[in-house]
Amino acid sequence: MADKNIRVVITTPYGTFLDMETPICTFRANSGEIGIMADATQFMTAIIPSKIYINSKNSPDVKEYYIDRGMAYFNNNLLTLITNKISKNPLENEKDIFAKKETKYRLIEELILKKKIAESNKN
C-alpha cells in the first residue's frame, strides 16, 4: 500500500503561510493533541497556542512552527489551519502566558506563607 499524504494549508491575516503535502500533521487543540493522517474523519476544532509539527516528529524532514490560537478544519485529506500568528520562534504571547502562570503561583505561595506567619504569631 502506498503512503497517502494530506495537504496542509496554513493561513494568517497576511495570506497563505504554507501549502504542502505531508503524511502527518500534529498540533494541539482545545480537546488535546491531534495527529492528522490521510482518510481521517472530517472535523473542526479550535487550536491553542502550541507547537505544530508537519511530518513525523522523528522525521529528518519535520517542519516545526509555533502557532497562535485559531481554527482547524479537515475534510477530504485537506487540513486547513487559520491562525493569527505563526513563527519558527516562540511567540511573544506564549511567553506572557507562562509568565502570568508563574506570577499566579508566586502570589499563592506568598499568601500561604503570610497565613502561616500570622498563625504562628497568634500562638
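The rules behind each value
Residues numbered from 1 in each chain as written. Predicted model: local features only at pLDDT ≥ 70, side-chain atom pairs only at ≥ 80, totals over all residues. Heavy atoms only, no water. Helix = DSSP H or I, 4+ residues; strand = E, 2+ residues; numbered from the N terminus. Buried < 20%, exposed > 50% of the residue type's maximum accessible area, 1.4 Å probe, protein only. Salt bridge = Lys/Arg side-chain N within 4 Å of Asp/Glu carboxyl O.

As recorded by an unreviewed UniProt entry, the protein carries the name F0F1 ATP synthase subunit epsilon and is attributed to Metamycoplasma equirhinis.

Caption draft 1: The arrangement of unusual backbone geometry in detail. Here D39, not a glycine, exhibits a phi torsion of approximately 65 degrees, which is positive. As for its placement among the helices and strands, D39 is situated in the loop between β4 (32-37) and β5 (43-47). At N76, a position not held by glycine, the phi torsion is positive, near 50 degrees. Inspection of the secondary structure puts N76 in the loop between β8 (70-75) and β9 (78-83). The class for N76 is exposed, based on a relative accessible area of 70%.

Caption draft 2: Examining the pattern of salt bridges more closely. Within the structure shown, the criterion is met by three salt bridges. The salt bridge involving D39 is made with K4; its shortest N-O contact spans 3.1 Å. Within this pair, whereas D39 is found in the loop between β4 and β5, its partner K4 is found in the segment before β1 (6-12), the two being separated by 35 residues in sequence. What makes D39 exposed here is its relative accessible area of 54%.

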